[in-house]
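Working through the structure, step by step
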Amino acid sequence: DAGVIQSPRHEVTEMGQEVTLRCKPISGHNSLFWYRQTMMRGLELLIYFNNNVPIDDSGMPEDRFSAKMPNASFSTLKIQPSEPRDSAVYFCASSPINTNRDEQYFGPGTRLTVT
Amino acid sequence: QKEVEQNSGPLSVPEGAIASLNCTYSDRGSQSFFWYRQYSGKSPELIMFIYSNGDKEDGRFTAQLNKASQYVSLLIRDSQPSDSATYLCAVKWESGGYQKVTFGTGTKLQVIP
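Residues and elements named next belong to chain A. With respect to the helices and strands, the residue Arg36 is situated in strand 4 (residues 31-38). For Arg36, a relative accessible area of 11% gives the class buried. Ignoring any residue separated from it by four or fewer positions in sequence, one finds Arg36 in contact with Gly42, Leu43, Glu44, Leu46, Pro61, Phe65, Asp86, Ala88, Val89 and Tyr90.

Next up, the structure:
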């Protein structure tokens, strides 16, 4: 199993530009999570999907952020327009089933720098 | 807002000693508790989960849960330099019929050879 795949691994962009982060979850997992990690705020859940349906997007910081999951094997997180305070590591994670015991498998992350 | 609190550290222990990592949480309805290890520049990986009061042992790791005190801990016996990492506590709880997970900010552990 290839694990959760994220692309790109690093992204440097200028303020105001659109940024799209991509994630391919582990095959057969039906929950997908997007997180943002910074030194100050730690690991924050932005949004999660269950069976491709967005369940909770209360962690999405503002309207500049949007996420989609058009099918079970692909999800995107888009920031438009990007701002320097969006600089962080963005993780995608997937989970096999929504139970008490399920663990989340994290991708390698995308390090985003907005200048 | 559900809170998960951890001391940021760093916690320094000598090689071979027991490292004790602690976590408190605010929601009494929390159901499951996880410990993730995150090496610098890497993604978190699950090392332990626990959902019943008491102790759960797995090799050199022991997770301890006390729901009455809203406290979960991770003990690492015979600490090794390779255990040096940030340890994230995560708490799962239910809201609106769905499971949610909140992570603590992590405790950095340094094992000194």
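All names here are of chain A. Enumeration according to the criterion identifies 2 disulfides over all chains in this entry. Sulfur-sulfur distance for the disulfide between Cys23 and Cys92 comes to 1.9 Å. Measuring the twist about the S-S bond at about -65°, one finds the Cys23-Cys92 disulfide to be left-handed. Separated by 69 residues along the polypeptide, Cys23 in strand 3 (residues 19-24) and Cys92 in strand 9 (residues 88-95) bring together distant segments of the chain. For Cys23, a relative accessible area of 1% gives the class buried.

Turning our eyes to something else, we now look at the sheet that holds strand 8 (residues 74-79) of chain A. Residues and elements named next belong to chain A. Spatially, the 4 strands line up as an open sheet ordered 1-3-8-7, and their pairing is antiparallel. With partners counted over all chains shown, the strands left at the sheet margins are strand 1 (5-7) and strand 7 (65-71), one partner each. The mean angle between the axes of side-by-side strands here comes to 15°, regardless of whether they run parallel or antiparallel. Pairing of strand 3 with strand 8 involves 5 bridges; the strand directions are antiparallel. Opposite Arg22, over in strand 8, you have Thr76 as the bridge partner.

Okay, the interface of chain A and chain B next. Every contact between the two is made by 21 residues of chain A and, on the other side, 19 residues of chain B. Together, the buried faces of chain A and chain B total about 1800 Å²; carbon and sulfur atoms form 52% of this surface. For the interface between chain A and chain B, the tally reads 0 salt bridges. Connecting chain A to chain B are 3 residue pairs in polar contact (both at pLDDT 80 or more). Residue assignment for the side of chain A that touches chain B shows that the elements contributing at least two residues are strand 4, strand 5 (42-50) and strand 6 (53-56) of chain A. Per-element tally for the side of chain A that touches chain B: the top contributor is strand 5 of chain A, with 4 residues. Of the residues in the side of chain A that touches chain B, the class split is 8 nonpolar, 8 polar and 5 charged.

The rules behind these values
Residues numbered from 1 in each chain as written. Chains lettered and ligands numbered in written order. Predicted model: local features only at pLDDT ≥ 70, side-chain atom pairs only at ≥ 80, totals over all residues. Heavy atoms only, no water. Helix = DSSP H or I, 4+ residues; strand = E, 2+ residues; numbered from the N terminus. Buried < 20%, exposed > 50% of the residue type's maximum accessible area, 1.4 Å probe, protein only. Contact = heavy atoms within 4.5 Å. Disulfide = S-S within 2.5 Å. Pairing = 2+ DSSP bridges. Axes fitted to C-alpha atoms, helices over the stretch in contact; angles between N-to-C directions. Buried area = accessible area lost by both parts, 1.4 Å probe. Salt bridge = Lys/Arg side-chain N within 4 Å of Asp/Glu carboxyl O. Polar contact = N/O pair within 3.5 Å; in protein donor to acceptor, adjacent residues only side chain to side chain. Nonpolar A, V, L, I, M, F, W, Y, C, P; charged D, E, K, R; others polar.

Any link to function would need more than the numbers given here.
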